[in-house]
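# Structure at a glance
Residue strings, one per chain:
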Amino acid sequence: MRILLVEDFSVLRESIALGLREAGFAVDEAAEGETGLWYATTNDYDVVILDLMLPRIDGLSVLKRLRAAGKRTHVLILTARDAPADRVNGLDCGADDYLVKPFVFAELLARVRALVRRRYDLKSPVISVADIEIDTTTRTVKRDGQVVELSQREYALLEFLASRAGQVVSRTEIWEHVYEFESEAGSNVVDAFIRLLRKKIERPRLPPLIHTRRGHGYLLGKLP
């Protein structure tokens, strides 16, 4: 899944981004509001983590413009402003969650995962598709009860396909949600990772679960 982090304090931004990447997220970073707004309106993010006290354009203005542009991306405000009035104002301006600094990274990560689940209308942290189980908290995958070892990128690809189970997902959508803005990933790279993922989750005695729709993309699920 792909996250936009808008934070002007470089040490904190780099620390959060590193932690999110280690947790398997693709992360784009912006150090001020104008760039953050451009990223958020140009790309389709699963979650935007937004500081309020930003140079050029403040966080609330970014949020308001984002909503005025019709973007429904889930936004988590991350700020030192801890007054109840600030929380109320942030949520009323269109934020989906509000976390005050200083914070525990584990809580930030849990809130991000919850927003991702909300985006894809998933109530449980475990996604089940046919005989595959994906635990999005521990990032473990099982097929037919057997653990499947995946690389970070393979896992991110599988989780995104599983969140859209039964739907055809285009290569462009995969790139937008699995890779970072500066990545040079293209359709060939996506196809290569699909092949690697197939090799790891397919079993000779079990039906295939990743299906190709030529000219359209890929679908995860058992066909009727």
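Please refer to the structure placed before this passage.
Quantities reported herein were computed from a predicted structural model and do not represent experimental measurements.

### Focus: the overall build of the protein
- A tally of helices and strands in the protein yields eight helices and eleven strands.
- In terms of C-alpha radius of gyration, the protein reaches 18 Å, essentially the compact-globule figure of 17 Å for 224 residues.
- Based on the C-alpha atoms only, the size of the protein along its principal axes is roughly 60 × 30 × 30 Å.
- Here the protein, with 224 residues, has 47% of them falling under the buried criterion.
- Taking the intrachain contacts of the protein between residues at least 6 apart in sequence as the baseline, contacts between residues at least 24 apart amount to 57%.
- Taking the average location of the 33 positive side-chain charges in the protein and that of its 33 negative ones, the two points are 6 Å from each other.

### Brief notes about the pattern of salt bridges
- In the structure shown here, the tally under the stated rule is 17 salt bridges.
- One salt bridge in this structure joins Asp44 and Arg119, with 3.1 Å as the shortest N-O distance. Pair noted here: Asp44 is in the loop between helix 2 (33–42) and strand 3 (47–50) and Arg119 is in helix 5 (residues 105–119), with a separation of 75 residues, a long-range link.
- A salt bridge links Arg143 to Asp131; its shortest N-O distance comes to 2.9 Å. Here Arg143 is found in strand 8 (residues 140–143), whereas its partner Asp131 is found in the loop between strand 6 (126–129) and strand 7 (132–135), with twelve residues between them in sequence.
- Among the charged side chains, a salt-bridge network with shared partners connects Glu7, Asp51 and Lys101.

### Details of the environment of Asp28
- With respect to the element layout, Asp28 can be found in strand 2 (residues 26–30).
- In this structure, the C-alpha to C-alpha distance between Asp28 and His177, residues 149 residues apart in sequence, is 11 Å.

### What about the packing of helix 6 (residues 152–163) against helix 7 (residues 171–178)?
- With their axes 10 Å apart at the nearest point, helix 6 and helix 7 run at an angle of 120° to one another. For the element pair helix 6 / helix 7, the angle class is oblique. The interaxial crossing formed by helix 6 with helix 7 has right-handed handedness. The segment helix 6 lies against helix 7, with Arg153, Ala156, Leu157, Phe160 and Leu161 engaging Glu173, Ile174, His177 and Val178.
- Of the residues contributing to the contact of helix 6 with helix 7, the split by class is six nonpolar, one polar and two charged.

### Some words on the packing of aromatic side chains
- By the definition in use, this model includes two aromatic pairs.
- With a centroid separation of 6.3 Å and an interplanar angle of 80°, the aromatic rings of Tyr120 and Phe160 are classed as edge-to-face. With a gap of 40 residues between them, Tyr120 in the loop between helix 5 and strand 6 and Phe160 in helix 6 connect regions that are remote in the sequence.
- For Tyr120, a relative accessible area of 13% translates into the label buried.
- For Phe160, a relative accessible area of 0% puts it in the buried group.
- Between the NZ or CZ atom of Arg2 and the centre of the ring of Trp175, over which it lies, the distance is 5.5 Å.

### What about unusual backbone geometry?
- Cis peptide bonds are those with omega within 30 degrees of zero, and the linkage from Lys101 to Pro102 qualifies with -5°.
- For Ala130, which is not glycine, the phi dihedral falls at a positive 55°.
- Locating Ala130 in the fold gives a position in the loop between strand 6 and strand 7.
- Notably, Arg139 is not glycine yet its phi reads approximately 60°, a positive angle.
- Note on placement: Arg139 falls in the loop between strand 7 and strand 8.
- Since its relative accessible area comes to 25%, Arg139 is described here as partly exposed.

### Focus: the side chain of Asp191
- Here Asp191 lies in helix 8 (residues 187–201).
- By relative accessible area, Asp191 is classed as buried at 15%.
- Setting aside chain neighbours within four positions, we find Asp191 in contact with Arg171 and Tyr218.

Procedures and definitions
Residues numbered from 1 in each chain as written. Predicted model: local features only at pLDDT ≥ 70, side-chain atom pairs only at ≥ 80, totals over all residues. Heavy atoms only, no water. Helix = DSSP H or I, 4+ residues; strand = E, 2+ residues; numbered from the N terminus. Rg over C-alpha atoms; globule rule 2.2 N^0.38 Å. Buried < 20%, exposed > 50% of the residue type's maximum accessible area, 1.4 Å probe, protein only. Contact = heavy atoms within 4.5 Å. Lys, Arg positive; Asp, Glu negative; His and termini not counted. Charge placed at Lys NZ, Arg CZ, Asp CG, Glu CD. Salt bridge = Lys/Arg side-chain N within 4 Å of Asp/Glu carboxyl O. Axes fitted to C-alpha atoms, helices over the stretch in contact; angles between N-to-C directions. Parallel < 35°, antiparallel > 145°, perpendicular 65-115°, else oblique. Left-handed = near helix turned anticlockwise from the far one by under 90°. Nonpolar A, V, L, I, M, F, W, Y, C, P; charged D, E, K, R; others polar. Phe/Tyr/Trp six-rings, centres within 6.5 Å; stacked < 30°, edge-to-face > 60°. Lys NZ or Arg CZ within 6 Å of the ring centre and 35° of its normal.

In short, the description is geometric, and any link to function would need to be established separately.
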